[in-house]
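# A closer look at the structure
Now for the letters of each chain:
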Amino acid sequence: MQIFSNLFNKKKDIPKKIISFDGGGVRVIAGIVFLKKLEVESGKKITDIFDMFIGTSAGAFNASCLAFDDMSVVDLKKYWSKEYLDRIMETSFFWDQASLVQARPRYETKGRLKFLNEIFGEKTLGESKKPIVTLCYDIEKREHVIHSSNQTPNVTFVDAVCASSAAPMYFPTYKMSDGSWMIDGGVVTNNPTLIGFNHAKNFFDTENIKVLSIGAGLNKNKISGEASSKWGGVGWLRNDIMGMMLDSEIHNDIAKDIFDNNYLRINSPIGKINKMLDDDSEENLEKIHLMGLYWWSEFGKSALNFIED
């Protein structure tokens, strides 16, 4: 009887594993490159390793694809090819490439909607094979909104992903099926680790949780303090004020202090990668791919150890 009791207690001590995806436009491809290596080296699918998937913005798309239907990272990578990116980023007729200040969003919604419908159809979060959590912001109520497979099971994947990735200036504000208007979850936090942990704690009724947090690169290029003192709105826009406002690395610092060895963050400075989130030129995509390989060289061994029970 004692043997069975010990076995039961041992099983109960196995931590739940969650994976969190930052937003970051095309730069999230680096995380897919890293996870593809993790699948190969571990011999396990990402969907078999992790118990819950969390994402913001472009990260919400990656999290949703993996949680939705047991998709492999190899299949997910195909959706970030130049062919699909051109379909998603259908440029608005009103966009003036010569002007920094625009009267309209850069891209239309219809290309993205058609693309997402081909993947998810009318499936809802409640039909997901693994628990999924996404984040967006209700502009009329001026509050964050969390969509998840257990709290909002009737929300469609298409609605959840479109809402979470409606980045201001890039895509139009997204109207949900219930009539609410949402923008990108990155305005709340671009690193949803803490939201994911809190949700997982309640969902699994345990605090024994390990979090693998996948970043999208950090713009650490120096800005001249003296030059910035003379900037107005256009100057700040030209010099990545949006990137500074969306920087959520403080959440990484908090998570490290709270979770200690139960937390692993995969991220690095972007170096010469374009700070613009929609640069899908071959040169830029190659640099992003190389960043993902660099992550594996830096964090691969730690990740393999981390996913062990």
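Provided above is the structure to which this section pertains.
Predicted, not measured: the structure shown is a model, and the values here were computed from it. (Residues numbered from 1 in each chain as written. Predicted model: local features only at pLDDT ≥ 70, side-chain atom pairs only at ≥ 80, totals over all residues. Heavy atoms only, no water.)

Burial of helix α8 (residues 157–164) is extensive: eight of the eight residues sit out of reach of the surface. Looking only at α8, the buried set comprises F157, V158, D159, A160, V161, C162, A163 and S164. (Buried < 20%, exposed > 50% of the residue type's maximum accessible area, 1.4 Å probe, protein only. Helix = DSSP H or I, 4+ residues; strand = E, 2+ residues; numbered from the N terminus.)

Of note, Y107 is situated in the loop between α6 (82–88) and α7 (110–120). Along the backbone, Y107 and M169 are 62 residues apart, and their C-alpha atoms lie at a distance of 8.4 Å. Polar side-chain contacts of Y107 include one of 3.4 Å to the side chain of R106. Looking at Y107, its side chain comes within polar contact range of the side chain of D278, at 2.5 Å. (Polar contact = N/O pair within 3.5 Å; in protein donor to acceptor, adjacent residues only side chain to side chain.)

Looking now at the pattern of salt bridges. Summed over all chains, the structure comprises eleven salt bridges. For R87, the salt bridge identified is with E118, shortest N-O distance 2.7 Å. Placement of R87 in helix α6 and of E118 in helix α7 is noted, with a sequence separation of 31 residues between them. A relative accessible area of 27% means that R87 is categorised as partly exposed. The shortest N-O distance in the salt bridge between R106 and D278 comes to 3.1 Å. Highlighted residues: R106 in the loop between α6 and α7 and D278 in the loop between β8 (263–266) and α14 (282–306), separated in sequence by 172 residues. As far as the burial class goes, R106 and D278 line up, both buried. (Salt bridge = Lys/Arg side-chain N within 4 Å of Asp/Glu carboxyl O.)

Along the polypeptide, D13 turns up in the loop between α1 (2–12) and β1 (16–21). In this structure D13 comes out as exposed when scored by relative accessible area, which is 54%. Between the C-alpha atoms of D13 and L116, which are 103 residues apart in sequence, the distance is 38 Å.

Moving on, we get to the side chain of K17. Along the chain, the position of K17 falls in strand β1. Sequence-distant contacts of K17, that is, excluding residues within four places in its chain, are made with I49, F50, D51, M52, K210, F306, I307, E308 and D309. (Contact = heavy atoms within 4.5 Å.)

What follows is about unusual backbone geometry. In this structure, D70 is a non-glycine residue whose phi angle is positive, near 60°. Tracing the backbone shows D70 in the loop between α4 (58–69) and α5 (73–78). On the basis of relative accessibility, which here comes to 32%, the residue D70 falls in the partly exposed class. The backbone of R142 shows a phi angle near 55°, a positive value even though the residue is not glycine. Among the structural elements, R142 can be located in the loop between β3 (132–138) and β4 (143–148). Its relative accessible area of 64% is what places R142 among the exposed residues.

Another point: the packing of aromatic side chains. Counting across every chain of the model gives 14 aromatic pairs. Seen from their ring centres, Y79 and Y84 are 5.3 Å apart, and the 75° between their planes marks the pair as edge-to-face. For the ring pair F259 and Y263, a centre distance of 6.1 Å and an interplane angle of 50° mean the geometry is tilted. Assessed through its relative accessible area of 7%, Y263 is described here as buried. Linked through ring pairs, F61, Y79, W80, Y84 and F115 together constitute an aromatic cluster. (Phe/Tyr/Trp six-rings, centres within 6.5 Å; stacked < 30°, edge-to-face > 60°.)

Before going further, it helps to spend a moment on the packing of α4 against α7. Orientation of α4 relative to α7, taken along the N-to-C sense of each, is 20°, at an axis distance of 11 Å. The orientation of α4 relative to α7 falls into the category roughly parallel. Contact residues: α4 offers F61, S64, C65 and F68, while α7 offers F115, L116, I119 and F120. Looking at the contact of α4 with α7 residue by residue, the classes come out as seven nonpolar, one polar and no charged. (Axes fitted to C-alpha atoms, helices over the stretch in contact; angles between N-to-C directions. Parallel < 35°, antiparallel > 145°, perpendicular 65-115°, else oblique. Nonpolar A, V, L, I, M, F, W, Y, C, P; charged D, E, K, R; others polar.)

This part takes up a nonpolar patch on the surface. Together, I250, I254 and I258 make up an exposed nonpolar region whose accessible area comes to about 280 Å². In this fold, I250 is placed in helix α13 (residues 249–259). A relative accessible area of 54% means that I250 is categorised as exposed. (Patch = residues over 30% accessible without salt bridge, like charges linked within 9 Å, V, L, I, M, F, W, Y side chains within 5 Å. Areas by Shrake-Rupley, 256 points an atom, 1.4 Å probe, with all protein chains shown as cover.)

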